Amino acid sequence: MNQFNAFFKGCIFCLMIIGCLPVFSQDLGGGFVDHGVASPISNHRGTVATVDGDGRNVVLVWLFDHRGGYALLMVDAETGESEEFTIPFPPNKDTPYSSILSKDNKLYTLFNGHFVEFDPEKRAFTFHQAVSRQMAMGMTEDDQGNIWAITYPSSGVVSFNPQTRELTDYGYVYKENWAQYQRYVASDDAGWIYFGLGNTASQIVAFDPSTAKAQAVLIPDERERGSAFVYRNENGKVYGQALRDDSLEWYELYRGQAKKIGTGHAMDAKSYITGSQTLFHRHFPDGKILKECNLTTRRLVVEDPKAKTKKELSFDYTSEGAWVMGIGVSPDNKISGGTSFPMRFFSYDPVQDRWENKAAPGQFNALTRQDDAFFFGVYPGGSLIEWRDGKPVHFIKTTPVIHRPHRLLAYPDGKTLILGGTPEYGYTGGGLLFWDREKETSVLLKDSSIVLDQSTMSLVALPKGKILGGTTTAPGTGGEKKAKVAELYIMDIENQEMKWNQVVLPGVQSYTDMCHAPNGLIYGLADRKIFFVFDPERKELVHQYDLTAEFGITAGEQSPRIFVHGEEGETYLLLRKGIAQINPQNYQINLLAESPIPIDAGGDYLTGRIYFVGGSHIYSYQLKPSK
């Protein structure tokens, strides 16, 4: 059983109650300092109320931190006593996206190319095997007790027979030129498997295990943007729709045959304990109800409807902390940013060596400051928020045009903010949001007004009310990639008029980051490996260099902050391997120091130090004493 020591428990209590956590940063030598974990909390990827081998009520939780799905947590619902079981294979940052509790009380999932069974009665992982499919997006159990998983990204089919202990990998059964999400899976009583997929265009697929053949149900005109829906009915048949919508036609699916039955179908669903990573099964076999299992507060609440009582319990678990998206210096000179899974805001005070940690209204992808104001671009929803006094103001939502922000630019006019990113799931081509803080007005452009079928990945301000943008060919999640090569463009921010766009670097798929260089030039990075210098007046390259052989690739993340400016205008570059400086005379890259840990994300400068992200920790590197 894994336990925290008393000191760390006290620190966590402080964090939860007053929101501040003493850190006591650790000197790593060579100018590097580890300032600690930004958000020492894990996220659940499926929670199930069930019983153990002694018939005691227990809660099973898939645990996820920056490493991926690292353990299964079992909590005794009577005492709060907890036990962790390490995943029996390396998670490699992958995590459960679907799981199922079978009729015989075994918990299953499939991720990072491994199918796994946990038996709460034996309190152990009792089966795991590598497969050639990535992760299950949907799972079900057939009438013979076989467990079925349909996997991202190309509809792989895997089944497991709990009696014979045989796992069968049927391979990929349905092809698209985009990554498929299969959220709904069902089996009819004849043993056929059906699954609904999306997001670019919905489809229902019928799979016959006896022949390992699959067939599509929907013809092209019946497919919709989004995900198709299927479910198992109590009559032994499966029913589905092109989208889960009461106004759309239903299909009756049986023995591989599909029959349209109109729009008046009344669902009589057979019950299964399965779902996505948000699965939260509340009902214990004895009728008690799991009302709360909170990994942030480490609190369990169980209700007994018969006795009309509630029991609150504390439990514990280990965590290496949540995934950090990026950091920047806030107006109060703190290092701030957000984490993902769970979505948290954090702020580190280098003077006091203390943290603040709060719930956030989403994943803080992109960030910037303008004068005394601080802003975030938030996933999901593509929201632009001003963050003030620990809460959001001026909340603007841009989905589906922007759903996953990649860049937030504060124009130096003191009033204009520009947000760019990729679109909603299943879409191709993202837009730009222009927000005027003084007038409190906004303009939202689609990709057709910028670069068709592409999204803005990087932005930098140019003189005279213009911006330079760099695109990515990546579509929205689960969307279809249509563009062949990324472009640079120049736009007027007053009237949002495109002035110029062009393929500058052949073959490049994403302009990772850009920043100002001396003499009106622009430093840029493409595909995390090509450093270039661009002249926006002449609209041509001045210099380019592939970093790979000498330095490897740069840091990344969804909103890269790879260039960092020092207080005297010098420009630093965050590489995975360390910190480099750019010579403005000849554009040579000089490695200043190799980092003791890989640099995952950027990045900002404060009082002589460059701050950056490594895993769940915030680190810094001392350049020189501040003036």
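Residues numbered from 1 in each chain as written. Predicted model: local features only at pLDDT ≥ 70, side-chain atom pairs only at ≥ 80, totals over all residues. Heavy atoms only, no water.

Time to look at the sheet that holds strand β11 (residues 124-130). The strand order across the open sheet built from 5 strands is β11-β10-β9-β8-β24, with neighbouring strands paired in antiparallel fashion. The open sheet has two edge strands with one neighbour each: β11 and β24 (273-276). With strand direction ignored, the average angle separating the axes of adjacent strands in the sheet is 15°. In this sheet, β24 lies alongside strand β8 (residues 98-101) in antiparallel orientation, the contact comprising 4 bridges. Looking across to β24, one finds that Ile-100 is bridged to Thr-274. (Pairing = 2+ DSSP bridges. Helix = DSSP H or I, 4+ residues; strand = E, 2+ residues; numbered from the N terminus. Axes fitted to C-alpha atoms, helices over the stretch in contact; angles between N-to-C directions.)

It is worth spelling out the pairing of strand β17 (residues 193-198) at this point. Among the 6 residues that make up β17, 6 are buried, leaving the element largely enclosed by the rest of the structure. The two faces of β17 match: Ile-193, Phe-195 and Leu-197 on one face and Tyr-194, Gly-196 and Gly-198 on the other face are all buried. As paired elements, strand β16 (residues 181-187) and β17 share 5 bridges and run antiparallel to each other. Across the sheet, the residue bridging to Ala-186 is Tyr-194, located in β17. Here β16 folds back onto β17, and the loop between the two strands holds 5 residues, one of which, Gly-191, carries a positive phi near 95°. In the sheet, β17 pairs with strand β18 (residues 203-208) via 5 bridges, with the strands oriented antiparallel. From the neighbouring strand, Gly-196 faces β18, where its bridge partner is Ile-204. Remark: 4 residues form the turn of the hairpin made by β17 and β18, two consecutive strands paired antiparallel. (Buried < 20%, exposed > 50% of the residue type's maximum accessible area, 1.4 Å probe, protein only.)

Burial within strand β33 (residues 363-370) is extensive, with 7 of its 8 residues counted as buried. Of the strand pairs in this sheet, β33 and strand β34 (residues 373-379) are connected by 7 bridges, and their pairing is antiparallel. The residue of β34 that forms the bridge with Gln-363 is Tyr-379. Between β33 and β34, which pair antiparallel and follow one another directly, the connecting turn spans 2 residues, one of which, Asp-371, has a positive phi of 55°.

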